[in-house]
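# Observations on chain architecture
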Amino acid sequence: AVPAVAVAVAGAMSVFVTRRIPAEGLRVLSQASGCRVRQWDSEEPVPRAELLAGVAGTRGLLCLLSDRIDREVLDAAGPDLKVISTLSVGFDHLALDEIKKRGIRVGYTPEVLTDATAELSVALLLSACRRLPEAAEQVKSGGWTTWKPLWMCGHGLSDSTVGIIGLGRIGQAVARRLKPFGVRKFLYTGSGPKPESAAEFGAEFVPLARLAEESDFVVVTCALTPATQGMCNKDFFAKMKKTSVFVNTSRGAVVNQEDLYQALAQGQIAAAGLDVTTPEPLPTDHPLLSLKNCVILPHIGSATYATRSTMAVLAAKNLLAGLRGEPMPQELKL
């Protein structure tokens, strides 16, 4: 096991950090006066037993989206826990009802990862629709013999209809990047219309079924909630065009993966690109990995050096502000 290491001096504000994070973020904590930092200093997730031991008696917790912060963890932390800061924009790993009940404040990291995630969403869409990993593999395996008119043909964005599920910050940033590719029309769906956000792209608010039927590309950028869980399922894929491409960079559980596998294997849709799966990591023998028309990435949406560093600093600042009873730069209002 990797030992939890103590940084800085003993003081009133004890903090547990559940993983090795970018140095800039840790520096913000360790240089704060009166802050005592303990950290699970590893690239790998903190084991459950170590998490429960690590949070005991702490005032603040800095966690990742891979840490399940439920009633058991909150009980182990005890009544001193005042702040949870997550190094993520998503918060489906936090037991929010329980956290709210105990009066614990929550910080998160929206906005700072929007551009990086939108870039990755576009890269994944292009990889899937133009069959890039498949084509690169042909070069290595000797499958590339000559130029052939119909070989490795995919689907382009020019004059297409793009459907976005969840026109929030990331959804808008994706649309903004796709527009110059010559997209003809944007559709979107979500909990309700967002006319001011949609105006920039002339995007039309439609029901989920119509988005599935009319879109050449479907990009999922919504939050995981009880309403969105398993939303992209058999019925949804059955409504999509045979030539359409499906991309998910939100959370794996928004998609029914068995249904997606069937849709791809049976040629019901053309291709898919996923940056998120259930579970994560996806087992190497998972059926989706056997498909040529499915590009799967290891949840790297926000993975640029600059973005991860900014996220770590923001998470640290959220934590310190919460410990000091000050307004957080980014607080999740419960």
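Residues numbered from 1 in each chain as written. Predicted model: local features only at pLDDT ≥ 70, side-chain atom pairs only at ≥ 80, totals over all residues. Heavy atoms only, no water.

Secondary structure summary: the protein contains 12 helices and 14 strands in total. At 22 Å, the protein has a C-alpha radius of gyration in line with the 20 Å of a compact globule built from 334 residues. For the protein, the spread of C-alpha atoms along the three principal axes comes to 70 × 50 × 30 Å. The buried share of the protein, reckoned over its 334 residues, is 49%. The long-range share in the protein, meaning contacts at least 24 apart out of those at least 6 apart in sequence, stands at 62%. Total accessible area computed for the protein in this model is approximately 15600 Å², and 55% of it derives from carbon and sulfur atoms. Charge-centre separation for the protein: the mean point of 36 positive side chains lies 2 Å from the mean point of 33 negative side chains. (Helix = DSSP H or I, 4+ residues; strand = E, 2+ residues; numbered from the N terminus. Rg over C-alpha atoms; globule rule 2.2 N^0.38 Å. Buried < 20%, exposed > 50% of the residue type's maximum accessible area, 1.4 Å probe, protein only. Contact = heavy atoms within 4.5 Å. Areas by Shrake-Rupley, 256 points an atom, 1.4 Å probe, with all protein chains shown as cover. Lys, Arg positive; Asp, Glu negative; His and termini not counted. Charge placed at Lys NZ, Arg CZ, Asp CG, Glu CD.)

Looking now at the UniProt feature "domain: D-isomer specific 2-hydroxyacid dehydrogenase NAD-binding" (unreviewed entry) in the protein. UniProt records the feature "domain: D-isomer specific 2-hydroxyacid dehydrogenase NAD-binding" (unreviewed entry) at residues 122–301, using the numbering of this structure. Its end C-alpha atoms 10 Å apart, residues 122–301 is made of 30% helix and 15% strand. (UniProt positions renumbered as here; feature names shortened; annotations may be inferred.)

Counted under the stated rule, the structure contains zero disulfides. Cys-222 forms no disulfide, and the closest cysteine sulfur to it belongs to Cys-232, at a distance of 7.0 Å. (Disulfide = S-S within 2.5 Å.)

Space inside the second largest pocket adds up to approximately 180 Å³. Lining the second largest pocket are 15 residues, with Arg-131, Cys-153, Ala-270, Ala-271 and Asn-293 positioned closest to its centre. Every element with two or more residues in the lining of the second largest pocket is listed here: helix 5 (114–129), helix 6 (132–141) and strand 13 (294–296). With three residues, the single largest contributor to the lining of the second largest pocket is helix 5. Within the lining of the second largest pocket, the residues separate by chemical class into eight nonpolar, four polar and three charged. (1 Å grid on protein atoms, 1.4 Å probe; cavity = no way out; pocket = protein on both sides within 12 Å on 5 of 7 lines; lining within 4 Å. Points joined across faces, edges and corners; volume = space filled by probe spheres on them. Nonpolar A, V, L, I, M, F, W, Y, C, P; charged D, E, K, R; others polar.)

The tally for this structure, following the rule as stated, stands at six aromatic pairs. Centroid distance Phe-237 to Phe-246: 5.2 Å. Interplanar angle 85°. Geometry classified as edge-to-face. Accessibility classification places Phe-237 together with Phe-246 in one group, the buried group. Following the ring pairs from residue to residue traces out a cluster consisting of Phe-236, Phe-237 and Phe-246. (Phe/Tyr/Trp six-rings, centres within 6.5 Å; stacked < 30°, edge-to-face > 60°.)

A few words now on the UniProt feature "domain: D-isomer specific 2-hydroxyacid dehydrogenase catalytic" (unreviewed entry) in the protein. Mapped onto this numbering, the UniProt entry annotates "domain: D-isomer specific 2-hydroxyacid dehydrogenase catalytic" (unreviewed entry) at residues 15–331. Secondary structure within residues 15–331 divides into 35% helix and 15% strand; the distance between the first and last C-alpha atoms comes to 18 Å.

Further remarks concern the domain arrangement of the protein. The domains assigned to the protein are domain 1 (13–111 + 305–332) and domain 2 (113–296). In this complex, domain 1 contributes 10 residues to the contact, which on the side of domain 2 involves six residues. Between domain 1 and domain 2, the buried area comes to about 770 Å², and carbon and sulfur atoms account for 55% of it. By the criterion of area lost to domain 2, the three top residues of domain 1 are Asp-92, Glu-111 and Thr-307, representing 57% of everything that side buries. For the pair domain 1 and domain 2, the number of links is two salt bridges. In this structure, the salt-bridge partner of Arg-169 is Glu-111, at a minimum N-O distance of 3.5 Å. Summed over the shared surface of domain 1 and domain 2, the number is four residue pairs in polar contact (both at pLDDT 80 or more). (Domains from an automatic or database assignment. Buried area = accessible area lost by both parts, 1.4 Å probe. Salt bridge = Lys/Arg side-chain N within 4 Å of Asp/Glu carboxyl O. Polar contact = N/O pair within 3.5 Å; in protein donor to acceptor, adjacent residues only side chain to side chain.)

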